Amino acid sequence: MKFMKLGSKPDAFQVDGKCIRHVTSDLATDIIIKVGDLKFYLHKFPLLSMSNHMQKLVQKASEENCDEINMVDFPGGPNSFEICAKFCYGMAVTLNAYNVVAARCAAEYLEMTEDVDRGNLIFKIEVFLNSSIFHSWKDSIIVLRTAKSLLPWSENLKIVGRCIDSIASKTSVDPANITWSYTYNRKLSVQDKIVGDSMKLREKIESVPKDWWVEDICELEIDLYKRVMTAVKSKGRMDGAVIGEALKTYAVRWLPDSVDALVSGVHSWRNKLLVETIACLLPSDNGVGCSCSFLLKLLKVAVLAGMDDSSKEDLVKRISLKLHEASVKDLLIPARSPQTTLYDVGMVQSIVNQYMMHEQRSQDEEPGKSAGFVLGHGSLLSVGKLIDGYLGEIAHDPNLSLTSFIDLSCSVSELARPVHDGLYKAIDIYLKEHPNLTKAERKKICGLMDVNKLTMEASMHAAQNDRLPLRVVVQVLFFEQVKAATRAQPRNSDARTTCVSKMSPDEEWDKTMGEDCRSLKKKMSEVETNEDGGEKNSKMGKKKSRNSKNGVQLLPSRSRRIFDKLWVVGVGKGHVENRSSETSGSSQSSAVGVRDNTNKSSGIPSRHRRHSVS
């Protein structure tokens, strides 16, 4: 820390109780000056010889026959006045970064200029500031902090502005030349002692990163911090990533960790001001320098602190550009009253809509990009997986409406979901947590997923899921049967099987089944009618069976019956092979009999019939 000594005489100021200061001298004091709660018993001559303002005050007191002068709103209080008084007496005074601003403001108040005496206090302090304080990184920060309590004096004297300019200029210095940082000063000094002179420069470069300064200015209050960061950005020499790191460090330093502390009345205004300030200081490159996680945390605070809509919209736009970097936890933004849900689903909906708008715009600007989009660009796939995971989290909320769930699910492009396992999991959770859904509502939410895009594991789970509508279970079983048949046959054996995956589920149902499936549909409608009317569950013992070619195993009774009927029709059309090895015992005798009759009516050669019923 830099310092400057003024005067050479010994300190003759004495303390008399808590409220009196007097000068020990052979001459009696002839003036009393009150500053705050303290009274100073001094001599007129030393003060009048250095202070123009004191001359005016003493003259006015003499006209009023008063020996006491009261200085109201003296900058810096009694301590700064004592520094000026000692300087007038020629006593030793030490100035440093902690008291120099108060002394400068007090000298300005007392008008201790060169017009009164050459080499006066104002002149000496200005020399100290310009030659030492503003050349020191650490002292400039200390002076800026102390200047906060001395406004507007420190502002009018341009001390604040000069400190800010000094700090902003030093942030862009080559890290190889940094030796004054709070954070890294100790590391550098240790390395300089160990490493030889030829290695010092390289070690400093490796030890001091570009963001060496971000922690040092975190102690500044938000208004001064904003001015410093604005000055740093205006220099145009700082990378956006470093700016983002500085803002993140400051937010971590000052924002509370808990939600209760964020919304508490004591600090809510400060938190709101802080997040608004950080939001306006974000790099102009649409937040590229800031991580998506940090931007989402700012948005959470903005929502909880009640920030204005325009600031939140700006954050939403920035987040949408980097949504593929987010995690499900980042998107869990607590909802504020009057919302009844746990999380602000509408805010996430806005982010996704903005993201999809950017994607659509980029595809329009680059023709041909959409053809290889899934393979060449993983960001859309990441967003699809992210939203499915988010749907799985919010599905636990009993107050989440079906409309909100469906709208958010539909806001993601189909290209983002080559596999529907995540969506199926979210739908299953929603059905479990909302058991009072009507049949139409269950069909509506299940219509979000394409059962043909489920993996084998998810299909097996869905086939045994009693929460799903009966038609969905039938579709799952049917598509698994078709997939198994496709794997078993040569690729060119059946054109209809090859093109199944290109059709929608309903098209595949009608195209593949044809006329022979009408009877099955009729039976299925009867099953649904019986199910709605309270069909009695038949008691069936559990039977173990080995995995078949289509991968279906240990299905519940309802699924097994449906699957057997599907298999019968499939054999009649020649799409799949027999599965006699999977049927055993009396529980499967009816299914075998139906297959035999179907084979006969279909004109299948006798060796095939023997094989199918054996």
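Keep in mind it's a predicted model, so treat the numbers as computed, not measured. (Residues numbered from 1 in each chain as written. Predicted model: local features only at pLDDT ≥ 70, side-chain atom pairs only at ≥ 80, totals over all residues. Heavy atoms only, no water.)

### Some points on the overall build of the protein
Logical step 1: Helix and strand content of the protein: 31 helices and 7 strands.
Logical step 2: Here the protein holds 614 residues, and the buried ones make up 46% of them.
Logical step 3: When contacts within the protein are restricted to residue pairs at least 6 apart in sequence, long-range pairs at least 24 apart make up 69% of them. (Helix = DSSP H or I, 4+ residues; strand = E, 2+ residues; numbered from the N terminus. Buried < 20%, exposed > 50% of the residue type's maximum accessible area, 1.4 Å probe, protein only. Contact = heavy atoms within 4.5 Å.)

### Here's the deal with the pairing of strand β5 (residues 38–42)
Logical step 1: Residues Leu38, Phe40 and Leu42 of β5 are buried on one face, while the alternating residues Lys39 and Tyr41, pointing to the opposite face, are not.
Logical step 2: Judged from the 5 bridges that link them, strand β4 (residues 31–35) and β5 form a sheet pairing that is antiparallel. Along β5, the bridge assignment pairs lysine 34 with lysine 39.
Logical step 3: Hairpin remark: β4 followed by β5, antiparallel, with 2 residues in the connecting loop; positive phi at glycine 36, about 65°. (Pairing = 2+ DSSP bridges.)

### Considering the pattern of salt bridges
Logical step 1: Inspection of the entire model under this criterion finds 17 salt bridges.
Logical step 2: For lysine 148, the salt bridge identified is with aspartate 223, shortest N-O distance 2.4 Å. Of the two residues, lysine 148 sits in the loop between α6 (137–147) and α7 (153–156) while aspartate 223 sits in helix α11 (residues 222–235), which places them 75 residues apart along the sequence.
Logical step 3: For aspartate 223, a relative accessible area of 32% gives the class partly exposed.
Logical step 4: Its salt-bridge partner being arginine 227, residue glutamate 155 comes within 2.8 Å of it at the nearest N-O pair. With glutamate 155 in helix α7 and arginine 227 in helix α11, the pair connects residues that are 72 residues apart, well separated along the chain.
Logical step 5: Here glutamate 155 falls in the partly exposed class, since its relative accessible area comes to 31%.
Logical step 6: Since its relative accessible area comes to 35%, arginine 227 is described here as partly exposed.
Logical step 7: Beyond isolated ion pairs, a larger network of salt bridges with shared partners links Arg104, Glu108, Glu126 and Arg162. (Salt bridge = Lys/Arg side-chain N within 4 Å of Asp/Glu carboxyl O.)

### Quick notes on the environment of alanine 458
Logical step 1: Inspection of the secondary structure puts alanine 458 in helix α24 (residues 456–463).
Logical step 2: We classify alanine 458 as buried; its relative accessible area is 9%.
Logical step 3: As a C-alpha pair, alanine 458 and glycine 422 span 36 residues in sequence and 9.3 Å in three-dimensional space.

### A look at the packing of α11 against helix α12 (residues 240–254)
Logical step 1: Running from N to C, α11 and α12 point in directions that differ by 175°, and their axes come no closer than 12 Å. It follows that α11 is roughly antiparallel to α12 by the angle criterion. Residues Ile222, Tyr225, Met229, Val232 and Lys233 of α11 touch α12, and the partners they reach there are Ile243, Ala246, Leu247 and Tyr250.
Logical step 2: Its residues assigned to classes, the contact of α11 with α12 comprises 8 nonpolar, no polar and 1 charged. (Axes fitted to C-alpha atoms, helices over the stretch in contact; angles between N-to-C directions. Parallel < 35°, antiparallel > 145°, perpendicular 65-115°, else oblique. Nonpolar A, V, L, I, M, F, W, Y, C, P; charged D, E, K, R; others polar.)

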